[in-house]
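# Commentary on secondary and tertiary structure
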Amino acid sequence: MEVVSSLVSLTVTKVLQFSGLVDKKDVLRSQKMEEKALEVYDVIRSIRDPEKPNTLEELDVVTEKSVEVQEIGEDEYLIIIRFSPTVPHCSLATLIGLCLQVKLQRCLPFKHKLEIYISEGTHSTEEDINKQINDKERVAAAMENPNLREIVEQCVIEPDD
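Keep in mind it's a predicted model, so treat the numbers as computed, not measured.

### Some points on the overall build of the chain
Each helix and strand in the chain was counted, giving six helices and three strands. Helices and strands appear in the chain in the N-to-C order α-α-β-β-α-β-α-α-α. Out of the 161 residues belonging to the chain, those deemed buried represent 35%. Taking contacts inside the chain between residues at least 6 apart in sequence as the whole, the part at least 24 apart equals 60%.

What follows is the structure, encoded as structure tokens:
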């Protein structure tokens, strides 16, 4: 289904470009952002769920559509991730957000700012959790806790490692 969506997006872009309604520079910028979003998705899709033996991708906690990338400067990007916990009262949603933060900070080869949110309406305390996972001091403090750090490491380790 995502392949079909990508093909439709590409077709619409080409039609708009040929009609003169869209500047070629805008098309190239849009394609670059889509490529960056796929690069980000490839990093987070293999994160393991803290409770289940599945990845976040397998559980549909993250999808390609949950990643947005915007250019905010020369070779600097704003990455926005919106994830959907498997249940509205998921007690590990904050931990999932922490895993996303840690893996992206470690693995992305380009300069970026990161915003991670729970998808609207998918968790009973999404506002509080969104504040926690985007607070750098709280993230740093959480990673100082040896028990939490060990759980995060188990979730973000690559299957090949």
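Further notes follow.
### Brief notes about the sheet that holds strand 1 (residues 67-73)
What the three strands build is an open sheet, ordered 1-2-3; its pairing is mixed. Two strands close off the open sheet at either side, each with one partner strand: strand 1 and strand 3 (111-118). Neighbour-to-neighbour, the strand axes of the sheet open up by a mean angle of 20°, direction not taken into account. Examined bridge by bridge, strand 1 and strand 2 (residues 76-83) share six bridges and lie antiparallel to one another. Considered in strand 2, the bridge of Gln70 is made with Leu78.

### A word on the pattern of salt bridges
One pass over the full model with this rule turns up eight salt bridges. For Lys36, the salt bridge goes to Glu39, with nearest N and O atoms at 4.0 Å. Here Lys36 and its partner Glu39 are both found in helix 2 (residues 24-44), three residues apart, which amounts to about one turn of the helix. The class of Glu39 is partly exposed, set by a relative accessible area of 29%. A salt bridge links Glu158 to Lys103; the nearest nitrogen and oxygen atoms lie 2.2 Å apart. Placement of the pair is Glu158 in the segment after helix 6 (146-156) and Lys103 in helix 3 (residues 93-107), with a sequence separation of 55 residues. For Glu158, a relative accessible area of 28% puts it in the partly exposed group. By sharing partners, the salt bridges in this structure join Asp42, Arg45 and Glu57 into a single network.

Cut-offs applied
Residues numbered from 1 in each chain as written. Predicted model: local features only at pLDDT ≥ 70, side-chain atom pairs only at ≥ 80, totals over all residues. Heavy atoms only, no water. Helix = DSSP H or I, 4+ residues; strand = E, 2+ residues; numbered from the N terminus. Buried < 20%, exposed > 50% of the residue type's maximum accessible area, 1.4 Å probe, protein only. Contact = heavy atoms within 4.5 Å. Pairing = 2+ DSSP bridges. Axes fitted to C-alpha atoms, helices over the stretch in contact; angles between N-to-C directions. Salt bridge = Lys/Arg side-chain N within 4 Å of Asp/Glu carboxyl O.

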